[in-house]
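# Understanding the architecture of this molecule
Next come the chains, spelled out residue by residue.
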Amino acid sequence: MSKPTIFVISGSTAARSSNRAVVEIIRQNFADLADFDVCEGVDLLPHFRPDADQAALPQNVLDFRRRIEAADGVLFCTPEYVFSLPGSLKNAIDWTVSTTVFYNKAIGIVVAAASGEKAMESLMLILTTIEARVEASATLIVKGAKGKIDQKGALSDPPTADALHRMMLAFLELVHRENPTPTKYA
Ligand SMILES: Cc1cc2nc3c(=O)[nH]c(=O)nc-3n(C[C@H](O)[C@H](O)[C@H](O)COP(=O)(O)O)c2cc1C
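One structure accompanies this document, and this report is about it. (Residues numbered from 1 in each chain as written. Predicted model: local features only at pLDDT ≥ 70, side-chain atom pairs only at ≥ 80, totals over all residues. Heavy atoms only, no water.)

## With respect to the site of the ligand
Rules: Residues are classed as near a molecule or strand on a simple rule: at least one heavy atom within 4 Å of it. Polar contacts, as used here, are pairs of N or O atoms within 3.5 Å; protein pairs need one atom able to donate a hydrogen and one able to accept it. Residues neighboring in sequence count only if both atoms are side-chain atoms. A run of H or I in DSSP counts as a helix once it spans at least four residues, and a run of E counts as a strand once it spans at least two, with each numbered from the N terminus.
Around the ligand, 17 residues are found, and the nearest of them are Ser12, Ser17, Glu80, Ser115 and Lys146. Glu80 is positioned with one of its side-chain polar atoms (N or O) 2.6 Å from a nitrogen atom of the ligand. Between an oxygen atom of the ligand and a main-chain N or O atom of Phe83, the distance comes to 2.7 Å. Contributing elements (two or more residues each) for the shell around the ligand: helix 1 (18-29) and strand 4 (106-113).

## Remarks on the pairing of strand 3 (residues 73-78)
Convention followed: Burial classes follow relative accessibility: with a 1.4 Å probe on protein chains only, a residue under 20% of its type's maximum area counts as buried, one over 50% as exposed, and anything between as partly exposed. DSSP calls a pair of strands paired once it identifies at least 2 bridges connecting them.
Taking burial as the measure, the 6 residues of strand 3 include 6 buried ones, the bulk of the element. Burial along strand 3 is two-sided: Gly73, Leu75 and Cys77 and Val74, Phe76 and Thr78, pointing in opposite directions, are all buried. The sheet contact formed by strand 1 (residues 5-10) and strand 3 spans 5 bridges and is parallel. Its bridge partner being in strand 3, Phe7 is matched across the sheet by Val74. As paired elements, strand 3 and strand 4 share 6 bridges and run parallel to each other. The residue of strand 4 that forms the bridge with Cys77 is Val110.

## Concerning the layout of surface pockets
Rules: Lining residues are defined by having an atom within 4 Å of a point belonging to a cavity or pocket. Those points lie on a 1 Å grid over the protein atoms alone, cavities being sets where a 1.4 Å probe fits but cannot get out and pockets being open sets with protein on both sides within 12 Å along at least five of seven lines. Grid points are joined across faces, edges and corners, and a volume is the space filled by probe spheres set on the points. Gly counts as polar in this scheme, as do all residues outside two lists: the nonpolar Ala, Val, Leu, Ile, Met, Phe, Trp, Tyr, Cys and Pro, and the charged Asp, Glu, Lys and Arg.
Taken as a whole, the largest pocket spans an internal volume of roughly 340 Å³. If you trace the largest pocket, you find 15 residues lining it, with Ala21, Ile149, Asp150, Lys152 and Gly153 closest to the centre. Counted by class, the lining of the largest pocket contains 5 nonpolar, 5 polar and 5 charged residues.

## Here's the deal with helix 4 (residues 87-94)
The condition that has to hold: Every residue pair with non-hydrogen atoms within 4.5 Å of one another is taken to be in contact.
Buried residues of helix 4: Leu89, Asn91, Ala92 and Ile93, and no others. Considering only its buried residues, helix 4 is in contact with strand 1, helix 3 (59-70), strand 3 and helix 5 (117-129).

## Regarding the state of the cysteines
Quick reminder of the rule: A pair of cysteine sulfur atoms is labelled a disulfide when the two atoms are within 2.5 Å.
All chains considered together, the criterion is met by 0 disulfides. For Cys39, which is in no disulfide, the shortest distance to another cysteine sulfur is to Cys77 and amounts to 12 Å. The class of Cys77 is buried, set by a relative accessible area of 0%.

## Let's talk about helix 1
Rules: Helix span, as expected, comes to 1.5 Å for every residue beyond the first.
Under the 1.5 Å per step criterion, the end-to-end length of helix 1 is 16 Å for 12 residues, consistent within 8% with the ideal 16 Å. Turning to helix 1, its buried residues number three or more, namely Ser18, Asn19, Ala21, Val22, Val23, Ile25 and Ile26. Of the surrounding secondary structure, the elements contacted by the buried residues of helix 1 are strand 1, strand 2 (35-39), strand 3, strand 4 and helix 6 (158-176). With a side-chain oxygen lying 3.1 Å from the backbone nitrogen of Asn19, the N-terminal cap of helix 1 falls on Ser17.

## Thoughts on the environment of Val38
Of note, Val38 is situated in strand 2. In this structure Val38 comes out as buried when scored by relative accessible area, which is 15%. Sequence separation between Val38 and Phe64 is 26 residues; the distance between their C-alpha atoms is 11 Å. Dropping the residues within four chain positions of it, Val38 is found in contact with Val8, Val23, Arg27 and Arg67.

## So, the pairing of strand 2
Counted only if it meets this: Place the viewer so that the strands point away; then a crossover is right-handed whenever the path from the first strand over the helix to the second strand goes clockwise.
As paired strands, strand 1 and strand 2 are joined by 5 bridges and run parallel to one another. When the sheet's bridge partners are listed, Thr5 is paired in strand 2 with Asp35. Regarding the hand of the β-α-β motif, the stretch spanning strand 1, helix 1 and strand 2 is right-handed.

## Remarks on unusual backbone geometry
The phi angle of most residues is negative, glycine excepted, and most peptide bonds adopt the trans form. Although it is not a glycine, Phe83 adopts a positive phi angle of roughly 60 degrees. Positionally, Phe83 belongs in the loop between strand 3 and helix 4. The exposure class assigned to Phe83 is exposed, which follows from its relative accessible area of 63%. Even without being a glycine, Asn104 presents a positive backbone phi close to 70 degrees. The topology assignment puts Asn104 in the loop between helix 4 and strand 4.

Okay, here's the thing in structure tokens:
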């Protein structure tokens, strides 16, 4: 693999989003090391229904699955809502559970929130359950995110900027590690 493709899923649907700012910082700082395919609008996916999962699927659900499958790694950037994941992000992941698109997929996670531990815990549990490759070194909680990102969307806290850099290097190392089984979904 030369330059990997990373599918980026933002769990925030806010217009002025800390998580989207983090995605932009990553895109700018790591453009030489990876291509980023950013998923806009997890909230545009329909509500997951198991019965619908058996029938002809909406195009945006198919596209969402295809882009995960095509990527060499998936990076999540999400807030925490009421000690859990935002509903639209959980809904989006539910659409993948009957497939193997996440099987063995290298995962990076940034949770930019007020606190964030529960969202991180929940996302790691979900992703290990669906057999993605999740390692602690490729995860980061940006606590008090609103106070660490300035009006221009830059990280104003140097230790957080360093931690984000280290986390992204660990994630890209995970992406490059040999992936023995290519993913395929029916
Ligand atoms: C409905 C709602 C519930 C929230 N609940 C939590 C929470 O339980 N824990 C937490 O750390 N932050 C919580 N927050 C704060 C957000 O995680 C925080 O503002 C985050 O930076 C928002 O991300 P964004 O700017 O990318 O949208 C909540 C925010 C909203 C709007």
